[in-house]
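As a plain string of letters, each chain reads:
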Amino acid sequence: MANGQWYPAEWPDRIRALADGSLRPAVPRRAATVMLLKDTAAETVVHMLRRRASMAFAGGAYAYPGGGVDPRDDEHQIHWAGPTRAWWAARLGVDETAAQAIVCAAVRETYEEAGVLLAGPTAESVVGDTTGEEWEADRAALVARDLSFAEFLERRGLVLRSDLLGAWTRWITPEFEPRRYDTWFFVAALPHGQRTRNASTEADRTVWIRPQDAADGYDKGELLMMPPTIATLRQLTAYGSAAAALAAAPGRDLTPVLAQARLVDGEIVLSWPGHDEFTKHIPTGGASA
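Residues numbered from 1 in each chain as written. Predicted model: local features only at pLDDT ≥ 70, side-chain atom pairs only at ≥ 80, totals over all residues. Heavy atoms only, no water.

## Description of the overall build of the chain
A count of helical and extended segments in the chain gives 8 helices and 14 strands. Relative to the 2.2 N^0.38 estimate, which gives 19 Å for 289 residues, the radius of gyration of the chain is 19 Å and therefore close to what a compact globule would have. The buried share of the chain, taken over its 289 residues, is 51%. In the chain, the proportion of contacts linking residues at least 24 apart, taken out of those at least 6 apart, comes to 70%. Carbon and sulfur atoms provide 50% of the accessible area of the chain, an area that totals close to 12,700 Å². Between the centroid of the 30 positive side chains of the chain and the centroid of its 38 negative side chains there is a distance of 2 Å. (Helix = DSSP H or I, 4+ residues; strand = E, 2+ residues; numbered from the N terminus. Rg over C-alpha atoms; globule rule 2.2 N^0.38 Å. Buried < 20%, exposed > 50% of the residue type's maximum accessible area, 1.4 Å probe, protein only. Contact = heavy atoms within 4.5 Å. Areas by Shrake-Rupley, 256 points an atom, 1.4 Å probe, with all protein chains shown as cover. Lys, Arg positive; Asp, Glu negative; His and termini not counted. Charge placed at Lys NZ, Arg CZ, Asp CG, Glu CD.)

Below you can see the structure in the form of structure tokens.
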């Protein structure tokens, strides 16, 4: 039975174009995504959303809240709690301004798409209920990019809680994809008093699901996912609580994972280093296996 690996029909042609030099790789855009975890009485679950089938990138696939970095968050100094910007720069493999913007993107996208805000009035607190007309107006302004996240935090007198995030892994969209992202994956626990909601215009469904159940759905071909999503779900199954996953995050390897396409014995072999399950063999005639 086929699994739920997202595999666009145009990939083989684009891979061939990259190999013969007629396709120039797009520059990847910095991005962040967050695996939001919640402990229930019986198990730990992760928040996922299903991208609308009409979306140009990964339509119909299950994913986590996430999106691109807003360059306006590079320089604007914000109130910051947790590890320093220098610590995050070393952890993420970027400079301090980029580190701030990447962490801001992780927190902002979680708020924009799930209604959960990892920030509070002080360095030891988080906001409670983020529903209501004023909150929604600010969230809509963030989505429209009429308001930067740094400006949003400053306007509301909030401190970004970087200590509530753990950097988990880093994946870069393959060179043959027209839309490319250099994405840092983070883990976080749902703050006490907050709740998720489907606040994203890009998603038609959201779920709280056990990582193992989501992985099983992928294996059965019932849930469509991109390689980074199913890879991280399999990794999360090893942890029995949100706290355990967060505690493991600082030891995680953040070496970027980038797909490789090469010609072997008359066929294209598409692979992701360290993740053999995603390898594809594409005959030069076009069909994939």
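## Looking at the environment of Ala 243
Looking at the secondary structure, you find Ala 243 in helix H8 (residues 242-248). Here the alpha-carbon distance between Ala 243 and Lys 38, two residues 205 residues apart in the chain, equals 9.6 Å.

## Description of helix H3 (residues 96-114)
For H3, which comprises 19 residues, the first-to-last C-alpha distance of 27 Å matches the rise-based estimate of 27 Å (1.5 Å per residue) to within 8%. The buried fraction of H3 amounts to 17 of the 19 residues, a majority that puts the element mostly inside the structure. Two residues or fewer past H3, Gly 115 is found with a positive phi of approximately 75 degrees. (Expected span 1.5 Å × (residues − 1).)

## Re the sheet that holds strand S5 (residues 80-81)
Pairing between sheet strands relies on hydrogen bonds along the backbone, with the strands arranged either parallel or antiparallel. Taken in spatial order, the 3 strands line up as S5-S7-S6 in an open sheet, and their pairing is mixed. Strand pairing shows two members of the sheet lacking a second neighbour, S5 and strand S6 (119-120), which therefore form its edges. Examined bridge by bridge, S5 and strand S7 (residues 159-161) share 2 bridges and lie parallel to one another. Residue pairing for S7: Trp 80 is matched across the bridge by Leu 160. (Pairing = 2+ DSSP bridges.)

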